[in-house]
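Fold and geometry: a report
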Amino acid sequence: MTRAIRIAPSLLSADFAFLGRDAQAMAEGGADILHFDVMDNHYVPNLTVGPLVCAALRPHTTLPIDVHLMTRPVDPLIESFAEAGADMITFHPEASDHVHRSVQMIRKRGLKAGVALNPASPLSLLDHILEDLDMVLIMSVNPGFGGQSFIPSALPKIAALRKRIDDAGLPVAIEVDGGVNPANARALGAAGADILVAGSAIFGASDRAKAIASIRGAAESGLGQEAA
Ligand code: DX5
Ligand code: ZN
């Protein structure tokens, strides 16, 4: 198994007054992707940042910006975030009236497209759309807030999705978001995750580069341990 684990710090846990500085620190600390949580106080009970902030951040980093839309509606923001310099856009299928159209909108702009599944959302929501995706985001907390506890039922869900993707031979990445830390990263690697999002476990650590390395190391130690 030669899967590489990518680490995506969630800027939700950064200092919003110093986003550019914190993004640069993440790059220097070994992050692969910047996870950018967009909450609208409608689809989720919290309000964060929009395309203007993404555009302001763009010149401060060369890392891919991974926009996680927790918004309803979805489509108008796809255009805005593409303009703002996003590289990847993931949305929640329950929040889009036309999931296939939203995916095509993202891909037509040359961005990577993902669908996010809440803890109680079934993998069957991926029927008829999985082959059109670049990634699937498995939520291991209910969306809305950083710093929540990992919900363990995400693990068998990730394993089932890994099997489905591999059986179909699809190049779809599995991203996991919520409560990820060095203690559960091994199980996530073993279950089949490719991209681990972590907010509080990285920004709350005294040594953030070390936290990134610990999560990556633990996840990579789980690779190939699927049957364990
Ligand atoms: C939750 C967000 C997550 C969150 C992760 O709705 O989508 O990206 O910031 O934060 P932690 O790692 O603290 O759970
Ligand atoms: Zn997120």
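Scroll up to find the structure this text is about.
What you see is a predicted model; the values in this text were computed from it and never measured. Residue numbers restart at each chain and count upward from 1, following the sequence in its written direction. To read the labels, note that chains go from A and ligands from 1, taken in the order they are written. Residue-level local features of this predicted model are given only where pLDDT is at least 70; pairs of side-chain atoms are given and counted only at 80 or more, and the full residue set underlies all totals for whole chains, interfaces and linings. Calculated side-chain values reflect all of the structure's heavy atoms, with hydrogen atoms and water omitted.

On to the side chain of Asp37. If you trace the backbone, Asp37 turns up in strand E2 (residues 34–39). Within the local environment of Asp37, its side chain forms a polar contact with the side chain of Ser10, the two groups lying 2.7 Å apart. Side-chain atoms alone can form a polar contact between residues adjacent in sequence; in general such a contact is a pair of N or O atoms within 3.5 Å, and within protein one must be able to donate a hydrogen while the other accepts it. Here His35 takes part through its side chain, which lies 2.9 Å from a polar atom of the side chain of Asp37. Sequence-distant contacts of Asp37, defined by excluding residues within four places in its chain, comprise Ser10, Leu12, Thr48, Val49, His68, Met70 and Asp177. Numbering of helices and strands runs from the N terminus; a helix is a DSSP stretch of H or I covering at least four residues, while a strand is a stretch of E covering at least two. What makes two residues a contact is simply this: any of their non-hydrogen atoms within 4.5 Å.

Strand order in the open sheet made by the eight strands is E1-E8-E7-E6-E5-E4-E3-E2, with parallel pairing throughout. Strands with a single pairing partner mark the edges of an open sheet, and in this sheet they are strand E1 (6–9) and E2. Strand-to-strand, the axes of this sheet are offset by a mean angle of 25 degrees, without reference to chain direction. Bridge count for strand E4 (residues 88–91) against strand E5 (residues 112–117) is four bridges, and the pairing is parallel. Across the sheet, Thr90 pairs through a bridge with Gly114, a residue of E5. Here, axes are lines fitted to C-alpha atoms. For helices the fit covers the stretch in contact, and angles between N-to-C directions go from 0 to 180 degrees. Sheet strands touched by helix H4 (residues 99–108): E4 and E5. Its angle to E5, the strand with the most contacts, is close to 145 degrees. By definition, two strands form a pair when at least two bridges between them are found by DSSP.

Now for the coordination of the zinc ion (ligand 2). Note on the zinc ion (ligand 2): its protein donors are His35 (NE2), Asp37 (OD), His68 (ND1) and Asp177 (OD). The metal-donor distances range over 2.1 to 2.3 Å. In this structure, the zinc ion (ligand 2) is coordinated by six donor atoms arranged in octahedral fashion, with angles at the metal of 71 to 171 degrees. For the zinc ion (ligand 2), the donor residues sit on a single chain with the sequence spacing H-x1-D-x30-H-x108-D. Of this pair, Asp37 sits in strand E2 while Asp177 sits in strand E7 (residues 173–177), and the two are 140 residues apart along the sequence. Each metal's donors comprise the N, O and S atoms found within 2.8 Å of it (within 3.2 Å for Na, K or Ca). Water is not part of the atom list, so some coordination spheres may appear incomplete. Donor angles set the geometry label: tetrahedral for four donors if every angle is between 85 and 135 degrees, square planar for four and octahedral for six if opposite donors exceed 155 degrees and the others are between 65 and 115, irregular for anything else.

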